[in-house]
Amino acid sequence: MKESVYFKFKTVNKIIKGEINMKNIFINIRRATTLRAIVGSFALLALLSFVLPQAAQAAGVGTSGGATIYNTVKVTYTSGTTTLFASDHISLTVSTVATYPTLTPSPTSQTVSAGSGAVPITYTYTVLSNSNGPDTYTASGLTDTQTNISAATGASITTSSVHLWAGTVIGSTGITSITVPYNTTTAGGLATGATIKIGNNTYTVGTITAGTAASTDGSGNLVPETGDTVALTKIAGSDVSIATGAQAGEYKAAALAIAFTTGTPTTPGTDGSYATSFTVTTTSVVPSQASGTTGTNVTTTVVSPTLGITKTVSSNDPLGTTTVKPGDTLTYTMTVTNASTTGSVSSVTVIDPVPAYTTYVANSTRLNSITVNGDGATSPLLTPGLAVDDNYSRGAGVLASGTLHAHDGGDSGRHGIAVITYQVTVN
Amino acid sequence: MKKFIPLLIALVCLMVSAEVFAKSLVSVSMKAEQEVTINKEKKMVAVKTIDPGDVVLYTISYVNSGDEAATNAFLDDPIPKGTVYIIGSAFGNDADITFSIDGGKTFKKPSLLTYEVKINGKMEKRVASPEQYTDIRWTVSMIPDRGKGQVGFKVRVK
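Being a predicted model, the structure only gives us computed values, none of them experimental.

Focus on the interface of chain B and chain A
The partner chain A presents 54 residues to the 61 residues of chain B that form the contact. For the pair chain B and chain A, the summed buried area comes to about 4,800 Å², and 56% of that belongs to carbon and sulfur atoms. It is Met-30, Asn-93 and Asp-94 of chain B that lose the most area in chain B upon contact with chain A, and together they represent 13% of the buried surface on that side. Connecting chain B to chain A are 0 salt bridges. At the boundary of chain B and chain A, one finds 14 residue pairs in polar contact (both at pLDDT 80 or more). If you list the elements that add at least two residues to the side of chain B that touches chain A, you get strand S1 (26-38), strand S2 (41-46), strand S3 (49-50), strand S4 (55-64), strand S5 (70-78), strand S11 (135-143) and strand S12 (148-157) of chain B. In terms of residues, the side of chain B that touches chain A owes the most to one element, S5 of chain B, which gives 9 residues. In terms of residue class, the side of chain B that touches chain A is made up of 29 nonpolar, 14 polar and 18 charged. Where strand S4 (residues 82-94) of chain A lies against S3 of chain B, 2 bridges are found, and the strand directions are parallel. Each residue of the ladder has a partner; that of Val-94 of chain A, found in S3 of chain B, is Ile-50 of chain B.

In structure tokens:
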């Protein structure tokens, strides 16, 4: 004390960024140590140096949301001959950064038949967190684009929000367990049985073991935290290790869902399309609320019925059908074809009045070679006509429905084509 | 005169006791701040939550509230887990600043903080980068009675 000189050193440091305000800091300069002044100038230089722009944050998600940044300081000093200490500490909590998740629709698109509008079409979405911490993702604002379609109705978001855990790996044991910062697992909504993705691998979460918080011990020293440990069972992927700093994100299938009914194509013969998308918004507001529509777009094609029909006639008369004479038996063959390879056509009926000057041959109508139920003395092709079902496997003679399935291109006799025959005799 | 004797004794006792019980009592307090821009004006504000990538300024204030100078004071601060020390950010007037890359076992000036790596079979010396710093130490040879000061540093949250 006796060797020191004190004076008040008043500086108002206005270093561009205003990093440090050193108003009224007492500085004592010992008489003998001009070195100290030099050290002081270096400190000032050091202060100036961080006016330089900082390197951009490396790509990655950063420390886990919910993690604690624990800083402790200990001062050790000598009072007379006694060594004493004091300490203080401060804890900061790391925020979850608003990060748009990865959405995958299931299915990615659908093709439905015109006329199946009463049946709701649904899409579900798998949502994968890309964040550094837990967050809740909310779907809203369903919009649609209708092309050549009318009367699509009821489009709505049927499952509108999902909470997903996420964190940053700080340690791992092979691919069987990871360590994340203390209090960032169950506190963030992670539960045993959840599915998470790290790198290219997918895991089922096993036992979660809580760590311990950082603290300052009785001697003023830091006791570092121990992280939470999460046991993992790989269910997909080929990664053989998990890197420190890797992002771990929970994903849930059918986490979001939409439903609607399609209408029918406005212009017959042209397929209609019904495209929908919605907005997904994060709950975390750091640094600003993230929202987007990526991954939500799905398109439903409504197939317009396009049927073709050909009619041929043959005769039992060796002279053919150019001229016929009374008593000849004529066989009419109608081939009804659904040109679409993707959509079936419902409510198909074929009407064919028996020609004048001919008489229907009782029980002669066949659909794909099978006797038509209810056939008798009168042609079933008279109004209201014969319902067509091209499915061979139905019970003989039973016309259960009037659907002409999509043309399968291969087994064409079975699907997409209905062959109807009947006979008449010339009067 | 006689009646002043007890007073004198009391005064002597007080002086003696002051001499006997004179001691230094240093305490520290820490605050965490972040730079924010309010109405185009940059300000440092206290923070409780922090975003990855953000810069935190830790300021440690020390004060000797005792009636004797404290000597050989060391302020040791392990760089918080989950953060990286920002080069050149440590400050402390009147303090000698050194760093550790071995968890606080040894402290050196940044230019002297080296470690050895084996390259092509030969051991090579490398100067440690700030990412490798584990602890900061401010050495203040004396804190006078009623004296106080501030030291601090900045980190970037990983």
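A closer look at the pattern of salt bridges
Inspection of the entire model under this criterion finds 5 salt bridges over all chains. Salt-bridge contacts for Asp-352 of chain A lead to Lys-311 of chain A; the nearest nitrogen and oxygen are separated by 2.9 Å. Separated by 41 residues along the polypeptide, Asp-352 of chain A in the loop between strand S27 (349-350) and strand S28 (358-360) and Lys-311 of chain A in strand S25 (residues 307-315) bring together distant segments of the chain. Accessibility expressed as a relative area gives 44% for Lys-311 of chain A, which makes it partly exposed. A salt bridge links Lys-31 of chain B to Glu-33 of chain B; the shortest N-O distance between them is 3.8 Å. Assessed through its relative accessible area of 38%, Lys-31 of chain B is described here as partly exposed.

A closer look at the packing of aromatic side chains
Counted by the stated rule, this structure contains 10 aromatic pairs over all chains. Geometrically, the ring pair formed by Tyr-125 of chain A and Phe-278 of chain A is edge-to-face, given 5.0 Å between the ring centres and 85° between the ring planes. Note that Tyr-125 of chain A is positioned in strand S7 (residues 121-128) and Phe-278 of chain A in strand S22 (residues 272-282), a separation of 153 residues in sequence. A residue is classified by how much of its surface remains accessible, and Tyr-125 of chain A, at 0% relative accessible area, is buried. Taking the relative accessible area as the measure of exposure, Phe-278 of chain A reaches 1% and is therefore buried. Judged by centre distance (5.0 Å) and plane angle (50°), the rings of Tyr-85 of chain B and Phe-99 of chain B are tilted. Note that Tyr-85 of chain B is positioned in strand S6 (residues 83-85) and Phe-99 of chain B in strand S8 (residues 96-100), a separation of 14 residues in sequence.

A word on the environment of Pro-80 of chain B
Secondary-structure assignment places Pro-80 of chain B in the loop between S5 and S6. Its relative accessible area of 3% is what places Pro-80 of chain B among the buried residues. Those residues in contact with Pro-80 of chain B, other than ones at most four positions away along the chain, are Ile-69, Tyr-70 and Asn-71 of chain A together with Tyr-58, Phe-153 and Val-155 of chain B.

Considerations on the sheet that holds S5 of chain B
Spatially, S3(B)-S4(A)-S3(A)-S5(B)-S11(B)-S8(B) is the arrangement adopted by the 6 strands of the open sheet, whose pairing is mixed. Looking at which strands have only one partner, the edges of the open sheet turn out to be S3 and S8 of chain B. Pairing between strand S3 (residues 68-79) of chain A and S4 of chain A: 12 bridges, direction antiparallel. The residue bridging Thr-68 of chain A from the neighbouring strand is Thr-93 of chain A, located in S4 of chain A.

Some details on the side chain of Asn-71 of chain A
For Asn-71 of chain A, the position within the fold is in strand S3. Polar side-chain contacts of Asn-71 of chain A include one of 3.3 Å to the side chain of Asp-77 of chain B. Residues contacting Asn-71 of chain A, with those up to four places away along its chain left out, are Asp-88, His-89 and Ile-90 of chain A together with Met-30, Tyr-58, Asp-77, Pro-78, Pro-80 and Phe-153 of chain B.

A word on the pairing of S7 of chain A
Residues and elements named next belong to chain A. Relative to S7, strand S5 (residues 102-106) runs antiparallel, the two sharing 5 bridges. Its bridge partner being in S7, Thr-102 is matched across the sheet by Leu-128. Sheet topology places S7 next to strand S20 (residues 247-261); 7 bridges connect them, and they run antiparallel. Its bridge partner being in S20, Tyr-123 is matched across the sheet by Ile-258.

About the cut-offs
Residues numbered from 1 in each chain as written. Chains lettered and ligands numbered in written order. Predicted model: local features only at pLDDT ≥ 70, side-chain atom pairs only at ≥ 80, totals over all residues. Heavy atoms only, no water. Contact = heavy atoms within 4.5 Å. Buried area = accessible area lost by both parts, 1.4 Å probe. Salt bridge = Lys/Arg side-chain N within 4 Å of Asp/Glu carboxyl O. Polar contact = N/O pair within 3.5 Å; in protein donor to acceptor, adjacent residues only side chain to side chain. Helix = DSSP H or I, 4+ residues; strand = E, 2+ residues; numbered from the N terminus. Nonpolar A, V, L, I, M, F, W, Y, C, P; charged D, E, K, R; others polar. Pairing = 2+ DSSP bridges. Buried < 20%, exposed > 50% of the residue type's maximum accessible area, 1.4 Å probe, protein only. Phe/Tyr/Trp six-rings, centres within 6.5 Å; stacked < 30°, edge-to-face > 60°.

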